[in-house]
Amino acid sequence: MTMAEQDREIVISIRGLRNQFGSQVVHEDLDLDIYRGEILGVVGGSGTGKSVLLRTIVGLNPPVTGSVTVLGDDVLNEPERPDDDVEARWGVMFQDGALFSSLTVRENVEVPMRTIEGLDPGIRRALADLKISMVGLPYLAGGKYPSELSGGMRKRAGLARALALDPPILFLDEPTAGLDPIGATEFDILIRSLSRSLGLSVFLVTHDLDTLHATCDRIAVIADRKVLVTGTMQEMLRVEHPWVHEYFHGPRARAALDTKEAVNRPTEA
Amino acid sequence: MDNGLPDIEITPTETEVTVTLRGQFALPQVTELAARMQTLPVDRPVRIDLSGVTRFDTSAAWALTTLHTRIAAAGQGFEIVGAGEGPASLLKTVAEAMPDTTEATVPPLTLVDRLAQLGEAVAGSTRFVLALTGYFGLFLARLGRSIRHPGEFRFTALVHHCEEVGLKAVPIVSLMAFLIGVVLAFQGSTQLRQFGAEVFVVDLIAISILRELGILLTSIIVAGRSASAFTAAIGSMKMREEIDAMRSLGLDPATILFVPRILALVIMLPILGLIANIMGLLGGGIMAWIDLDISPAMFTTRLVNGTDVSHLMVGMVKAPVFALIIGVVGCHAGMQVKSNAESLGRMTSASVVTAIFAVIVADALFSIFFARIGI
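J.: Requested: an account of the interface of chain A and chain B, with residues and values cited.
T.: Contact residues are listed per partner, giving 22 residues for chain A and 25 residues for chain B. Going through the elements one at a time, α4 (121–134) and α6 (181–198) of chain A are the ones with two or more residues in the side of chain A that touches chain B. Here the side of chain A that touches chain B takes eight residues from α4 of chain A, the largest share from any one element.

See below:
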């Protein structure tokens with residue numbers, strides 16, 4: 001860990017986490033910190049519990065033991081939040097958007113805003129249109145139903161809903177899975193530019209090496225039921241663990257790395 | 001943290017308006033902020049001071065950007081000072097992302113449009129009926145093929161579906177028919193007693209149950225149970241591309257999925273109808289015994305002597321037709337499911353409604369037919 005990281009504010013802190021389904025232990029003694037304003041990519045083989053970790057942090061999957069602290073609050077043991085505390089701590093974008101199928105995209109984005117008391121319906125609608133436009137969807141997409149959208153548009157709409165309340169933390173579950181390379185690259189750029197301009201801390205679960213290269217500030221590798229190692233892409237390349245080595249030195253990883261060096265350098269400046 | 005109303009100070013001078021914002025500006029405050037920004041005059045330049053702002057989110061940036069657009073449209077200057085790094089980048093992002101709402105004006109519906117909609121609906125219904133006929137033909141063709149090539153026929157699937165649509169429906173069908181018999185006897189006795197014609201309650205029960213109610217109500221229950229089950233099963237296979245996988249493996253979905261299901265219905269619905277008839281007569285007989293003192297022996301004698309067997313035949317002959325209707329509608333609706341879960345739910349409920357409606361229409365046609373030929 002570098003000096004710069006130690007100085008930064010921690011927004012999510014996970015300590016001693018244990019998740020278990022029946023006799024199958026998914027996480028054991030898992031520790032992880034996420035700093036303010038960073039994009040953390042979480043990688044791991046299939047079935048290593050990346051999505052379970054995401055669901056545990058946002059409270060959808062109570063762990064056996066361990067603590068999860070988000071913005072200073074112990075989210076596992078806190079009492080019911082008072083009604084007037086409507087500020088969202090996080091937004092979650094699920095794999096296929098998880099939009100409510102009976103509502104239009106605009107209504108989907110308005111759903112979280114309805115919890116705000118005294119918000120004028122006209123303003124709510126205009127703000128929903130703004131969020132839809134911010135994630136790169138055309139204005140007319142707001143009136144469509146999720147079933148009328150392509151997979152990539154549904155993901156964007158899911159992102160717009162996750163951003164509806166301007167949360168400081170954003171969780172993304174496999175944001176580029178199932179997108180074509182062009183759509184995936186656009187989504188990577190979108191996530192990066194939104195997180196920078198809105199000051200978001202992003203927890204990003206992915207399999208996509210290009211996404212890791214293009215968007216993530218730091219990478220956490222889940223293997224052997226815990227976070228094996230965290231660090232930047234360059235640090236990952238030096239890790240000796242066989243799975244990590246295979247992952248970051250495989251043919252796909254090298255291709256992704258070459259592409260980044262050849263193409264993405266101008267966008268970083 | 002200060003959760004009160006936003007502190008907005010508007011200082012108009014001769015040459016410009018200065019707006020000073022202090023405190024939090026997020027979603028709960030945006031209604032107030034937007035309303036106050038709306039009151040600003042557009043006849044002189046506006047200066048916004050954000051140096052006292054502690055929280056500034058997208059909604060606040062939206063309110064200021066909207067104001068900017070309004071002021072700029074009036075040809076006046078607009079300036080934001082004291083914005084920190086975060087608010088400044090947010091304002092820039094929002095200004096770039098402001099949706100262009102002018103492109104979306106839906107023209108009102110004209111008379112011609114409405115006429116076109118009506119025509120489309122009529123054509124759609126016709127296509128639907130033709131498609132159902134097509135599925136019926138497909139079923140017959142595949143059934144014929146199965147008879148010529150018995151090796152292709154899925155006997156295990158047929159038995160399984162017979163159990164699902166037939167055996168498992170016996171309790172509900174029996175209970176329903178028994179209660180209908182009870183209701184008929186009870187209602188009939190109160191009316192017929194006025195004329196001293198209580199004994200005709202046996203004819204009433206026998207004819208109405210054997211001819212119409214036994215088989216019709218059984219079909220309605222089976223339509224609710226099995227048409228929906230067919231649609232859901234086939235529809236979820238369609239949704240997950242299992243049907244496409246079958247086709248690509250050279251398997252015919254009609255032979256594998258439709259024939260066993262529809263055939264199971266054709267076999268089991270007459271049996272269920274017969275059970276319903278027996279239970280209906282039993283319920284009616286018991287109620288007649290309790291309420292009208294018509295002994296079981298008398299009920300049986302009256303039933304055998306006074307009711308022609310043609311009534312039973314009229315009822316039973318409808319059963320296979322209803323079974324075909326329910327099966328074809330259920331399978332057809334299943335194949336119409338698209339790749340989303342919403343269409344699965346919509347088609348499932350549509351298949352039940354269509355099946356019940358079609359069964360009742362067919363029953364009415366049968367009634368007219370039998371009345372014409374005098375049975």
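So, next bit.
J.: I'd like to hear about the domain arrangement of chain B, residue by residue, with values.
T.: One widely used convention gives an interface's size as the accessible area the parts lose upon coming together. Looking at the assigned domains, one finds that chain B contains domain 1 (7–101) and domain 2 (137–373). Computed over C-alpha atoms, the centres of domain 1 of chain B and domain 2 of chain B are 69 Å apart.

J.: A description of the sheet that holds strand β4 (residues 78–81) of chain B should follow, citing residues and the corresponding values.
T.: Residues and elements named next belong to chain B. One open sheet holds the four strands; their spatial order is β1-β2-β3-β4, and the pairing between them is mixed. Each end of this open sheet is capped by a strand with a single partner; those strands are β1 (7–12) and β4. In this sheet, neighbouring strand axes are inclined to one another by 15° on average, regardless of whether the strands run parallel or antiparallel. With four bridges joining them, strand β3 (residues 46–56) and β4 adopt parallel strand pairing. For I48, the partnering residue across the bridge sits in β4 and is I80. Packed onto the sheet, helix α3 (residues 85–97) meets β3 and β4 and runs at close to 120° relative to β3.

J.: Outline the confidence of the model for chain B, listing residues and values.
T.: Residue and element names in this part refer to chain B. Chain-level pLDDT for chain B is 89 on average; 97% of the residues reach the 70-or-more range. Considering each helix and strand of chain B separately, the mean pLDDT is smallest for β1, with a value of 83, and largest for helix α11 (residues 309–335), with 94. With a pTM of 0.71, the predicted complex shows an ipTM of 0.79.

J.: Go over the environment of V42 of chain A with me, naming the residues and quoting the values.
T.: Residue and element names in this part refer to chain A. Counting through the fold element by element, V42 comes out in strand β3 (residues 39–44). It is 7.3 Å that separates the C-alpha atoms of V42 and F203, two residues lying 161 residues apart in sequence. What V42 contacts, discounting residues up to four positions off in sequence, is K50, L53, F203, L204, V205, A220 and I222.

J.: Describe the pairing of strand β2 (residues 17–25) of chain B, naming the residues involved and giving the relevant values.
T.: Residues and elements named next belong to chain B. When β1 meets β2, the two strands line up antiparallel, connected through six bridges. Opposite P12, over in β2, you have V17 as the bridge partner. In this structure, the hairpin formed by β1 and β2 is closed by a connection of four residues. The pairing of β2 with β3 spans eight bridges and is parallel.

J.: Could you give an account of the environment of S174 of chain B, naming the residues involved and the relevant values?
T.: Residues and elements named next belong to chain B. By the element assignment, S174 lies in helix α6 (residues 170–192). On the basis of neighbour counts, which here come to 19 C-beta atoms within 10 Å, the residue S174 falls in the partly exposed class. Linking S174 and I278, residues 104 residues apart in sequence, is a C-alpha distance of 8.6 Å. Excluding residues that lie within four positions of it along the chain, S174 makes contacts with I275 and M279.

Cut-offs and rules
- Residues numbered from 1 in each chain as written.
- Chains lettered and ligands numbered in written order.
- Predicted model: local features only at pLDDT ≥ 70, side-chain atom pairs only at ≥ 80, totals over all residues.
- Contact = placed C-beta atoms within 7 Å.
- Helix = DSSP H or I, 4+ residues; strand = E, 2+ residues; numbered from the N terminus.
- Domains from an automatic or database assignment.
- Pairing = 2+ DSSP bridges.
- Axes fitted to C-alpha atoms, helices over the stretch in contact; angles between N-to-C directions.
- pLDDT = per-residue confidence, 0-100.
- Buried ≥ 20, exposed ≤ 12 C-beta atoms within 10 Å, placed from the backbone.

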